[in-house]
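# Report on the structure
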Amino acid sequence: MRNPFRTAVAAVCVSLLLPFPVMADVLQLQSPNARAQIEFELQDGGTARYRVRYRDQLVIDSSALGLDLGNAGKLGQGLHLLGSERSEHDQRYPLPVGKRREAHDHYRQLRVRLADADGRKLDVLMRAYDDGIALRYVLPDAGQLRIRNELTEFAFPRDYPCWALNLGRFGTSHEGEYDPIAASRIRPHHLLEL
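Small disclaimer: the values here were computed from a predicted structure and weren't measured.

Let us look at the overall build of the protein chain. Across its full length, the protein chain carries 1 helix and 13 strands. Secondary structure elements of the protein chain, listed N to C terminal, follow the sequence α-β-β-β-β-β-β-β-β-β-β-β-β-β. For the protein chain, the residues scored as buried account for 26% of the 194 residues in total. Residue pairs in contact within the protein chain that sit at least 24 positions apart in sequence constitute 47% of those at least 6 positions apart. Accessible surface for the protein chain amounts to roughly 14,300 Å². Of this, 52% is attributable to carbon and sulfur atoms.

This is how it looks when you write it as structure tokens:
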């Protein structure tokens, strides 16, 4: 006669050896000095979202991630997690001009691999530097496609004072004056159909 306790323990041990990644509900990444932190999560319906903290203060609340691929639809909802990888980079390199002789490129990175129900893949690269956060989208093996718009949101938890670059018109050199404006007065960018 088989011992049910032994069978249950064996089943648990075998399941632990399977090559499926164990993922937390929220993936967190801290900068090397732990001041900056970014959190990634998939909410109900497979919506990719992120949140940013600096010195334990929430600076960007839960905000959507994704891309609008025009005729190919949107990529940012209905996603499932394929896996994630962490890495760290620490490099110094000389600067030919400026106030310093060298720059220090030091960050921790989290690459989150996602896919939707149609098998389209989207990787989100998140970097945590000691003084800030960076996000990047990667479309592995996507071939040629048109990105119509970026769907990244920036949900501020408070009405921060901001300084907006007044370009005056499209096609400038991106040099100009910065005008003070409250975050609540910043209008969403509306894409013009061409």
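Once the structure has been displayed, the description carries forward.
Right, let's talk about the environment of Gln-109 for a bit. Within the secondary structure, Gln-109 is located in strand S8 (residues 102–116). A sequence separation of 24 residues divides Gln-109 from Ile-133, and the C-alpha atoms of the two residues are 9.9 Å apart. Within the structure, the side chain of Gln-109 is placed 2.7 Å from the side chain of Arg-127, a separation counted as a polar contact.

Spatially, 4 strands are ordered S7-S8-S9-S10 in an open sheet, and the strand pairing comes out antiparallel. With partners counted over all chains shown, the strands left at the sheet margins are strand S7 (79–94) and strand S10 (132–138), one partner each. Pairwise comparison of adjacent strand axes, ignoring direction, gives a mean angle of 20° for this sheet. Both S7 and S8 contribute to a ladder of 15 bridges, which runs antiparallel. Residue Ser-84 lies in a different strand from S8, and its bridge partner there is Val-112.

A word on the packing of aromatic side chains. Applying the stated rule across the entire model yields 2 aromatic pairs. Between Tyr-107 and Tyr-129, the aromatic rings sit 5.1 Å apart at their centres with planes inclined by 55°, giving tilted as the arrangement. With Tyr-107 in strand S8 and Tyr-129 in strand S9 (residues 121–129), this residue pair connects regions lying 22 residues apart in the sequence. Using a relative accessible area of 8% as the deciding quantity, one classes Tyr-107 as buried.

The antiparallel open sheet is built from 3 strands, whose spatial order is S6-S5-S11. What marks the edges here is a single partner per strand, and that holds for strand S6 (74–75) and strand S11 (149–150). Here strand S5 (residues 67–68) pairs with S6 via 2 bridges, running antiparallel. Across the sheet, residue Asp-68 finds its bridge partner in S6, namely Lys-74.

On to the side chain of Asp-68, then. For Asp-68, the location among the structural elements is in strand S5. In this structure the side chain of Asp-68 is engaged in a polar contact, spanning 2.9 Å, whose partner is the backbone nitrogen of Gly-70. Sequence-distant contacts of Asp-68, that is, excluding residues within four places in its chain, are made with Gly-73, Lys-74, Arg-146, Ile-147, Arg-148, Asn-149 and Leu-151.

What follows is about the nonpolar core. Core analysis: the largest hydrophobic core is formed by 21 residues, its most contacted members being Phe-40, Leu-65, Val-112, Leu-114, Val-124 and Met-126. For this core, the secondary structure elements donating two or more residues are strand S1 (26–30), strand S2 (36–43), strand S3 (47–54), S8 and S9. Here this core takes 4 residues from S9, the largest share from any one element.

Now for unusual backbone geometry. Positive phi outside glycine occurs at Ala-34, with the angle close to 65°. Take Ala-34: it is sitting in the loop between S1 and S2. By relative accessible area, Ala-34 is classed as partly exposed at 41%. Its identity as a non-glycine residue notwithstanding, Arg-55 has a phi of 50°, on the positive side. In this structure, Arg-55 sits in the loop between S3 and strand S4 (57–64).

Scoring rules and cut-offs
Residues numbered from 1 in each chain as written. Predicted model: local features only at pLDDT ≥ 70, side-chain atom pairs only at ≥ 80, totals over all residues. Heavy atoms only, no water. Helix = DSSP H or I, 4+ residues; strand = E, 2+ residues; numbered from the N terminus. Buried < 20%, exposed > 50% of the residue type's maximum accessible area, 1.4 Å probe, protein only. Contact = heavy atoms within 4.5 Å. Areas by Shrake-Rupley, 256 points an atom, 1.4 Å probe, with all protein chains shown as cover. Polar contact = N/O pair within 3.5 Å; in protein donor to acceptor, adjacent residues only side chain to side chain. Pairing = 2+ DSSP bridges. Axes fitted to C-alpha atoms, helices over the stretch in contact; angles between N-to-C directions. Phe/Tyr/Trp six-rings, centres within 6.5 Å; stacked < 30°, edge-to-face > 60°. Core = buried A, V, L, I, M, F, W, Y, C linked by side-chain atoms within 4.5 Å.

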